[in-house]
Every structure is written in structure tokens, then in C-alpha cells.
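Next come the chains, spelled out residue by residue.
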Amino acid sequence: MSSFPASLLDVERQPGRPPMLRAETAGDATSWVAEHRDALRAAVAEHGSLLVRGLGLRDASGAGAVFHRLADELLSEKEAFAPRRTYADGVYSSTKWPPNQQMCMHHELSYTLTFPGLMMFACLTAPAEGGATAVADAPTVLDALPRKLVKRFQKEGWLLTRSYNEDIGASWAEAFGTENPKEVEEYCQANAIAFEWQKDGGLRTRQRRSAVVHHPVTGKRCWFNQIAFLNEWTMDPDVHEFMVDEYGADGLPFNTRFGNGEPIGKDIVDLLTTIYEEHTVREPWQAGDLLLVDNVRTAHSREPFEGPREVLVAMADGVRLADCSPTVEVTAR
């Protein structure tokens, strides 16, 4: 990210809240962001995240214009776990997830070989209650985890298993951006993903990834994964019971395991979510807000909400896992 001095911006720091900047745009958010682009990116590099308030973003075209001023190129999402609406190339809706359920802390696409270094969120409609996109500092979370557990994940990594079907989550066609099974197979082979087609046309995949990485710029060790978020024990208990009854324990839409294939117990998932919560900062959305997140250094979540909520998302600054000193060999298992 840019080395332009973030000190030129008056960033507010308050306990329990993300770093915040109050913009004075005179009604032209796109021009203001273009003028302050380097300083904004430097602030994200310094703090890990930045909430910009006062931009007055009102529609998808305005949000998209701001995204494009902040990043040279927006990334297309691959291997999505749930569908999104596409507003324009690289501009998406938030993941479609039940509003009454928590989306646990995670790093976007941390199971891919190239993932976004920068996440951008624009709030067009703020919910009546809840719905914050909260953040947590990954090096701090890593330091708070039990050393024995960290050592195991460093040694083994984590395993993501997925069962694509037409009922729950993204279909394989939506996740891979093609309806051609051959193209899916070629993508999996190129990205260290084991795959198996099912008799009903469904697809099951397995991939092992590193749970701890080094930040590509600062070199700091970060807890970087979706172990808790995509684990079966973070599902609502009634949903979990239904899923197991409907698809079987090995047919869940997604699940996570230790890198050697052993199940991750509920006690460990509860521990991870507790430590995340202890280091979470949040600020309720206001319409027009922009949130910038360093996706490697900072995890993010989405809290339950009531009322309409429209938050647009863009991803940028692709980072290769190979450039983050992964602790395990990337394999399809």
C-alpha cells in the first residue's frame, strides 16, 4: 500500500471503535476520494482498517466510482461460499446470509491462492438495528490464542471441505463462474483443490491452506483463515441439525477441519469466536459510510440486523498466498 503520510488525515481513535475519518466532501465523494487516495490507503496500512464517514454514498454507481478511485483494478470473486448480486464488474452486494444469524470473523477468500489485500464496503442503506461490519486485528488475535493450538495449526494448516448443491449456498456454477464442468476441473487442478463429482451432479471439494501467514508488506504474523466462520459448529443449532439430517455429516455445504483431516471440536470453535469477540471493534453503519479493510491484517464480520440493509462490496490488491510465507504446503487433500 502507499507510503503517503496518513498523518495528513485527522483519524479518530476511540476504544471499541474502528479508526474513523470524517470527510468534508462538499457533495462530491468521488473527487474527494481521488484527491485523498494516497492518504486513505496509507491510513489503512497504518491502522488495518478505516471508516470514512460523511461521503454521502447513495447508489451503486457512486459507490463503484469511489471503489475505482481507490484501487487500480477490482477483483472478480471466485470460490464464493454464498451468492451475491453483481452490480458491475467487481462491485457486489454483501453475501446473502440470513439477517438473524451472525457472520463470524473471517478474512475474505482466505482459502484461495490469490486473495484480496484490500476490502471496500459502502453502506447505501443502514439497518434499523445491528448489522455492523465489525473488525478485529489478526496479529492481536493470534497472540491471544493458546500457543499449543497455534503450533498445531502452523504445522498442519486447515482443511476446507465443500459440498456444492442447488439448495444451499453458492452452486458450483456460481462459485467458479462457469457451467462447464471441464473448466471447473481445470481451475481445481490449478489451485490445489481435490474434487469429486456426485451422481446427482453435485460437487465435493477439499483444500488445505495455511492458518497463519506473514503480512506481505510488514511481515507481521497474522491469524488468517475462515476456520471458525465456515465450521459446522458456528451454524444455528436448528440449522445444523437440519443440514446433517438432510445432507449427512460429510455432505454439509462447507466445513473446516485440522489440516490432517481430523474434526475441529465445538470447544475449539467456541474458543476462537470468544477470542475474536474480545478483540472486536465495531461502529453502527450510517448511510453513505465507506469502510476500508486490510484483508490480511484485519478480520471482519457481519452482525445480525433488523430492517433493510444494503452494503456494497469490492475487492482489490490481489495478494498471492505464496508471498505471505505460508507455514504449510498448499495441497489438495
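Just above sits the structure.
Reference entry: report on the structure contained in this document.

Reading the values: the criteria
Counting restarts for each chain: residues are numbered from 1 in the order of the written sequence. Local features are withheld for residues below a pLDDT of 70 in this predicted model, meaning they are given only at 70 or higher, and side-chain atom pairs are given and counted only at 80 or more; totals for whole chains, interfaces and linings count all residues. The side-chain values count all of the structure's non-hydrogen atoms but skip hydrogen atoms and water molecules. Residues with no salt bridge and a relative accessible area higher than 30% make up the patches, which join like charges within 9 Å and nonpolar side chains (Val, Leu, Ile, Met, Phe, Trp, Tyr) within 5 Å. For accessible areas, the Shrake-Rupley method is used with a probe of radius 1.4 Å. Any residue's cover is judged against the shown protein chains and nothing else. Salt bridges are defined by distance alone: a side-chain nitrogen of Lys or Arg within 4 Å of a carboxyl oxygen of Asp or Glu. None of His or the chain ends enter the tally, which takes Lys and Arg as positive and Asp and Glu as negative. Note on charges: their place is set at NZ of Lys, CZ of Arg, CG of Asp or CD of Glu. Secondary structure counts use DSSP, requiring at least four H or I residues in a row for a helix and at least two E residues in a row for a strand, with both numbered from the N terminus. Partly exposed describes any residue whose relative accessible area lies between the buried limit of under 20% and the exposed limit of over 50%, with all areas from a 1.4 Å probe on protein chains only and scaled to the type maximum. For this analysis, a nonpolar core means a set of buried residues of the types Ala, Val, Leu, Ile, Met, Phe, Trp, Tyr and Cys, connected via side-chain atoms within 4.5 Å. Here, two residues are considered to be in contact whenever any of their heavy atoms come within 4.5 Å of each other. Ring pairs are drawn from Phe, Tyr and Trp, using the six-membered ring of Trp, whenever the two centres fall within 6.5 Å, and their geometry is named by plane angle: stacked under 30 degrees, edge-to-face over 60, tilted for the rest. Lysine NZ or arginine CZ positioned within 6 Å of the ring centre and within 35 degrees of the ring normal marks a charge as sitting over the ring. Lines fitted to C-alpha atoms define the axes here, with helix axes fitted over just the stretch in contact, and angles between the N-to-C directions of these axes take values from 0 to 180 degrees. Here is the rule for handedness: rotate from the far helix to the near one, and if that takes an anticlockwise turn smaller than a right angle the crossing is left-handed, while a clockwise turn gives right-handed. Strands are treated as partners if at least two bridges between them are detected by DSSP. Two N or O atoms form a polar contact when they lie within 3.5 Å of each other; inside protein one atom must be a possible hydrogen donor and the other a possible acceptor, and for residues adjacent in sequence the pair counts only when both atoms belong to side chains.

Some details on a negative patch on the surface
On the surface, Glu-166, Asp-167, Glu-174, Asp-236, Asp-238, Glu-241, Asp-245 and Glu-246 cluster together into a patch of negative charge. When residues in the negative patch are grouped by element, the largest group, four residues, is from helix H7 (residues 237-247). In this structure Asp-236 comes out as partly exposed when scored by relative accessible area, which is 32%.

Focus on the nonpolar core
If you look at soluble globular proteins, the nonpolar side chains tend to sit buried side by side. Judged by nonpolar contacts, the single largest core of 59 residues is most densely connected at Phe-81, Phe-115, Phe-121, Phe-153, Trp-223, Ile-227 and Leu-272. Counting residues per element, this core draws most heavily on helix H8 (residues 266-278), at five residues. Other than its neighbours up to four places away in sequence, Trp-223 contacts His-107, Ala-138, Val-141, Leu-142, Leu-145, Phe-153, Ala-211, Val-212, Leu-272 and Tyr-276. Ranked by size, the runner-up nonpolar core spans 31 residues in total, among them Val-44, Val-91, Ala-122 and Leu-312.

Some remarks on the packing of aromatic side chains
In this structure the tally under the stated criterion is 11 aromatic pairs. Ring pairs connect the aromatic residues Phe-81, Trp-97, Phe-229 and Phe-254, which therefore count as one cluster. Over the ring of Phe-258 we find Arg-152, and its NZ or CZ is 3.6 Å from the ring centre. The ring of Phe-305 carries the charged tip of Arg-309 above its face, separated from the ring centre by 5.6 Å.

Concerning the packing of helix H1 (residues 29-47) against helix H2 (residues 60-70)
Direction vectors running N to C along H1 and H2 enclose 35°, while the axes themselves pass 8 Å from each other. Helix-helix and strand crossings are classified by hand; for H1 and H2 the assignment is right-handed. Contact residues: Ala-29, Thr-30, Val-33, Ala-34, Arg-37, Leu-40 and Arg-41 in H1; Gly-62, Ala-65, Val-66, Arg-69 and Leu-70 in H2.

Some details on the sheet that holds strand E14 (residues 254-258)
One open sheet holds the four strands; their spatial order is E10-E11-E9-E14, and the pairing between them is antiparallel. Looking at which strands have only one partner, the edges of the open sheet turn out to be strand E10 (194-197) and E14. Put simply, the sheet's adjacent strands are angled 15° from each other on average, direction ignored. Where strand E9 (residues 158-164) lies against strand E11 (residues 203-209), seven bridges are found, and the strand directions are antiparallel. Across the sheet, the residue bridging to Leu-160 is Gln-207, located in E11. Against the sheet, helix H4 (residues 147-156) makes contact with E9, E11 and E14, and its axis sits at roughly 105° relative to E14, the strand it touches most.

Quick look at the side chain of Thr-178
Its place among the elements puts Thr-178 in the loop between helix H5 (172-176) and helix H6 (181-190). A polar contact of 2.6 Å, which involves the side chain of Thr-178, links it to the side chain of Glu-183. Setting aside residues no more than four positions away along its own chain, Thr-178 makes contact with Trp-172, Ala-173, Glu-183 and Val-184.

Focus: the sheet that holds strand E6 (residues 114-125)
The strand order across the open sheet formed by seven strands is E1-E2-E16-E6-E19-E4-E3, and the pairing between neighbours is mixed. Both edges of this open sheet fall to strand E1 (20-22) and strand E3 (86-88), since each of them pairs with a single strand only. When strand polarity is set aside, the average angle formed by the axes of neighbouring strands in this sheet is 25°. As defined by bridge partners, strand E2 (residues 49-53) adjoins strand E16 (residues 290-294) across four bridges and the pair is classed as antiparallel. Bridge assignment links Leu-51 to a residue of E16, and that residue is Leu-291.

Regarding H7
The N-cap residue of H7 is Asp-236: its side-chain oxygen and the backbone nitrogen of Asp-238 are 3.0 Å apart. Positive backbone phi, approximately 85°, marks Gly-248, located one or two places after H7.

Brief notes about the pairing of E9
Counting buried positions along E9 yields seven of seven residues, so the element is predominantly enclosed. Side chains of E9 alternate between two faces, with Trp-158, Leu-160, Arg-162 and Tyr-164 and Leu-159, Thr-161 and Ser-163 buried alike. Relative to E14, E9 is paired through five bridges, and the arrangement is antiparallel. Across the sheet, residue Thr-161 finds its bridge partner in E14, namely Asn-255.

Focus: unusual backbone geometry
The general pattern is negative phi for most residues beyond glycine and trans for most peptide bonds. Positive phi outside glycine occurs at Ala-192, with the angle close to 55°. Structurally, Ala-192 is set in the loop between H6 and E10.

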